[in-house]
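Residue-level structure breakdown
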Amino acid sequence: MTFRNLTLAAMLATAPLCAQAEESIIVQSTTSTANSGLYDYLLPLFTGKTGITVNVVAVGTGQAIKNAANCDGDVLLVHAKPAEEKFVAEGRGTQRTDLMYNDFVVVGPAADPAGIAGSHDIEAALKSIADAGAAFASRGDDSGTHKAEMRLWQAAGVTPDGDWYRPTGSGMGATLNTGIGMGAYVLTDRATWINFGNKQDYQIAVEGDDAMFNQYGVIPVNPARCPAVKVDAGKAFSDWLLSPEGQEAIAGYKIDGQQLFFPNAPKVAN
Amino acid sequence: MQDFGDAFALAFGLVLNPTSDLLEIVGLSLRVSLSACLLSCLIGLPLGALLAVTRFRGRGAVLVLLNALMGLPPVVVGLLVYLALSRAGPLGFLGLLYTPTAMILAQAVLITPIVAALSRQVLEGLNDEYADQFRSLCLTRWQSMAALIRDGRTALVTVALAGFGRAVAEVGAVMIVGGNIDHLTRVMTTAIALETSKGELARALALGIVLMVIALAVNAAVQGLRTRTEAEAAHA
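Residues numbered from 1 in each chain as written. Chains lettered and ligands numbered in written order. Predicted model: local features only at pLDDT ≥ 70, side-chain atom pairs only at ≥ 80, totals over all residues.

1. A closer look at the overall build of chain B
As a reminder of what qualifies: In this text, helices come from DSSP runs of H or I with a minimum length of four residues, and strands from runs of E with a minimum of two, each type numbered from the N-terminal end. The exposure scheme places C-beta atoms from the backbone and then counts, for each residue, the other C-beta atoms within 10 Å of its own, assigning buried at 20 or more, exposed at 12 or fewer, and partly exposed in between.
Helices and strands together make up the secondary structure of chain B, namely ten helices and zero strands. Along chain B, helices and strands appear, N-terminal first, in the series α-α-α-α-α-α-α-α-α-α. With the C-alpha coordinates of chain B rotated into their principal frame, the extents come out at 65 × 50 × 30 Å. Here chain B, with 236 residues, has 45% of them falling under the buried criterion.

2. Some remarks on the nonpolar core
Keep this limit in mind: Under the definition applied here, buried Ala, Val, Leu, Ile, Met, Phe, Trp, Tyr and Cys residues are grouped into a nonpolar core through C-beta atoms within 7 Å.
Ranked by size, the top nonpolar core spans 140 residues in total, and within it A:Leu76, A:Tyr185, B:Val81, B:Ala106 and B:Val177 carry the most contacts. It is helix H5 (residues 100–136) of chain B that provides the largest number of residues to this core, a total of 16 residues.

3. What to know about the domain arrangement of chain A
Residue and element names in this part refer to chain A. Stated precisely, the cut-off is as follows: Start and end positions for the domains come from either an automated domain assignment or a database one. Contact between two residues is assigned when their C-beta atoms, built from the backbone, lie within 7 Å. Classification used: nonpolar for Ala, Val, Leu, Ile, Met, Phe, Trp, Tyr, Cys and Pro, charged for Asp, Glu, Lys and Arg, polar for all others including Gly.
What the domain assignment reports for chain A is domain 1 (20–101 + 215–263) and domain 2 (103–213). Placing the centre of domain 1 and that of domain 2 at their C-alpha centroids yields a distance of 26 Å. Between domain 1 and domain 2, the contact holds 18 residues from the first and 15 residues from the second. Taken together, the elements giving at least two residues each to the side of domain 1 that touches domain 2 come down to helix H2 (31–35) and helix H4 (61–69). When residues in the side of domain 1 that touches domain 2 are grouped by element, the largest group, three residues, is from H2. Considering only residue class, the side of domain 1 that touches domain 2 consists of six nonpolar, twelve polar and no charged.

4. Quick notes on H5(B)
Residue pairs three or four apart in sequence face the same way in an α-helix, which turns once every 3.6 residues. Put simply, the test is: Bend angle per residue: angle between axes fitted to the 7 residues ending at that residue and the 7 residues starting there.
B:Tyr130 marks where H5(B) bends most, by close to 55 degrees. Phi for B:Cys138, located one or two positions after H5(B), is positive at around 55 degrees.

5. Remarks on the environment of A:Ala69
Residues and elements named next belong to chain A. By secondary structure assignment, the location of Ala 69 is in helix H4. A count of 19 C-beta atoms within 10 Å places Ala 69 in the partly exposed class. Residues Ala 69 and Ser 119 lie 50 residues apart in sequence; the distance between their C-alpha atoms is 39 Å. With sequence-adjacent residues up to four places away left out, Ala 69 is seen in contact with Phe 87 and Arg 92.

6. Concerning H4(A)
All names here are of chain A. Along H4, the residues that are buried comprise Thr 61, Gln 63, Ala 64, Ile 65, Asn 67 and Ala 68. Those residues of H4 that are buried are in contact with strand E1 (24–30), strand E2 (53–59), strand E3 (75–78), helix H5 (81–89) and helix H7 (144–156). Immediately beyond the C-terminal end of H4, within one or two residues, lies Cys 71, with a positive phi of roughly 70 degrees.

7. Looking at unusual backbone geometry
Residues and elements named next belong to chain B. Positive phi outside glycine occurs at Asn 180, with the angle close to 55 degrees. By the secondary structure assignment, Asn 180 is in the loop between helix H8 (172–178) and helix H9 (188–197). Phi is positive for His 183, close to 65 degrees, though the residue is something other than glycine. In this fold, His 183 is placed in the loop between H8 and H9. What makes His 183 exposed here is the crowd of 12 C-beta atoms within 10 Å.

8. Description of the interface of chain B and chain A
Listed by partner, the interface residues are 22 residues for chain B and 24 residues for chain A. Breaking the side of chain B that touches chain A down by element, the ones donating at least two residues are helix H2 (20–53), H5 and H9 of chain B. For the side of chain B that touches chain A, the element with the most residues is H2(B), which contributes four residues.

9. Comments concerning the packing of helix H3 (residues 59–69) of chain B against H5(B)
Residues and elements named next belong to chain B. Keep this limit in mind: In this analysis an axis means a line fitted to C-alpha atoms, helices contributing only their contacting stretch, and an angle means the value between N-to-C directions, from 0 to 180 degrees. If an angle is under 35 degrees, it is roughly parallel; if it is over 145, roughly antiparallel; if it lies from 65 to 115, roughly perpendicular; otherwise it is oblique. Note on convention: near helix rotated counterclockwise from far helix by under a right angle means a left-handed crossing. Clockwise means right-handed.
Look at H3 against H5: their axes get within 8 Å of each other, and the N-to-C directions meet at 130 degrees. The orientation of H3 with respect to H5, classified from their angle, is oblique. Once H3 is placed against H5, the crossing between them reads as left-handed. Contact residues: Leu 66, Asn 67 and Leu 69 in H3; Pro 113, Ala 116 and Ala 117 in H5. Here the residues of the contact of H3 with H5 sort into five nonpolar, one polar and no charged.

10. Let's talk about the domain arrangement of chain B
Residues and elements named next belong to chain B. Split into domains, chain B comes out as domain 1 (38–178) and domain 2 (187–236). Each of domain 1 and domain 2 was reduced to a C-alpha centroid, and the two centroids are 22 Å apart. With twelve residues of domain 1 at the contact, the number on the domain 2 side is nine residues. Those elements giving two or more residues to the side of domain 1 that touches domain 2 turn out to be helix H7 (153–169) and H8. For the side of domain 1 that touches domain 2, the element with the highest residue contribution is H7, accounting for seven residues. Classifying every residue of the side of domain 1 that touches domain 2 by side-chain character gives eight nonpolar, three polar and one charged.

11. As for the environment of A:Val75
Residues and elements named next belong to chain A. With respect to the helices, strands and loops of the structure, Val 75 is situated in strand E3. Residue classification places Val 75 among the buried residues on the basis of 26 C-beta atoms within 10 Å. Separated by 43 residues in the primary sequence, Val 75 and Ser 32 place their C-alpha atoms 17 Å from one another. Beyond its immediate chain neighbours, meaning those up to four positions away, Val 75 contacts Ile 25, Val 27, Val 218, Pro 220, Val 221, Gly 234, Phe 237 and Ser 238.

As C-alpha cells, then:
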C-alpha cells in the first residue's frame, strides 16, 4: 500500500460515518418486545407521521433501566413495575404510565415430566415442577420476566434451588433455545413464544392465571437528570404510544391472527 | 436436523439475491471492521516495530502484557468502551454511544494488541537479520522501523488480516456499544445473535455462512493484491 492510499483510507475511516439530518431518539427496551416483532410494526407508523427515527436498544429490563439511568436513552419501555416506579421516584424518569399488557405462559416438552399440561394454576404447577425435580430453565438475568418468575416462585412457597433449576443468564429467546435443548420448562411472555421459530415439540403447559399478568410501562427519561435527552422527540413518542392512535396500532399487531399486546393506557382528556 | 439443509438453501439464496437489509448489514460490518483494522494498524504496527528495535528495562514484562491482551474478551472491551462513552462516563459529551463510530473504537481496542504483538514478533525476526546492516548504515531508530515495516509488509498483511478476522467475527463488544439497532448499528454478528434468539436457527446459520463468504472474499482480495504487488516488485 502506498502512502497516498494509506492517507486516503485513513480519511475514509475517520470521516463522519453518517450525517443524520432527521431527528432520532433512543428507546431502551426489552428483548421480549423486540423479539416479538412489535417495533418492526409500530415504528414505521410513528416515523411516517412525525419524521422522528426511533432506535431501539433491546436488552433485559434490568440492563435497560441501568442504561437509561446512565442517560443513554430518551425513553424507557420495560415491564417491571416496582423497578420502574423506583426509577421515577429517584428522579431519573419524568412519569411512568401503563402502556399495554400481555401475559406469561409456561412452556414445556410434550412428555410433560411434571404433569402440569393444561393447568391454569401457576402456583400449583410450579410446586409440581419442584416436587418432580423436573428441569426448569430460568432467565436468571434480572430482566422483567426473571423478576416476575421470582415473584411466582415466592407465591408458590418454593425456593428454586437444585440441579433441576437452571438459570441461563441470557435473553428470552436464548433461554428458550437452551431450555428446549435440555427438555426444561420455561416461563416466557406469550408474544415471544408466538413469534418463536424453534418450538420443536414444545407446547404451552400453563396459561390463564391472573398472577401471570405482564404489564408494560413507558417512561420518558428526565431531562433534569440527563441534559442530553431529546425531550420533545421522546415525549412525542411516548405521547403517541399512549394516544388512541398509538393504542390502536398496538392492538393491531397480530401474528397468525393472534393479538400479541393489549393496550391499556389510561384514557386522558387532553 | 432440518436446519442444516434449510440454512444452506437460505444462504445460497441470500448470496445470489441479497435483500437491501442484508446489503446494509454487510456494508456496515465491512465498514466498521475494516476501519477498526486500519485504526489498529496505524497504532499497532509502529508500536510493534518500536518494540522490535528497542531494548529497555521491563521490556519482557511489556511483551508479556501485550501478548496477554491478545486474549481480551470482546464483552469486557465492550463494557469498558460503554463505560467511557456512556452519557454518565468521561467521554459521554461526545454522544458516540450507539453509533458505528463507537463500534469502530471498541473493535480497534480489541485488535490493536493483536496487531502490535504479532507485528512485534514478525519484525523482531527481521530486525535480527538486518541489525548489522542498520548499524553499518548508521540508521536512526525511526529509519530502521520504517525499513522493517517496508520489508516485512507481506507478513504484516497477514497480521492485519488476523486483526480484521477477529474484529469482523466478534459480537460481544459491538452488541454493547452499538446496541444492535436496526438500520443503524446492526452488523452480521449481532444479526446472527438476534435471529438465534428468535429461534430462527436456519436463518441465523445462513447469515453465518454469508459472513464466512465475505471473510473469504476479503482474504482472497488481499491475496490477489499481494500477488500483484510482489510481481510488480519483481519486475521493477
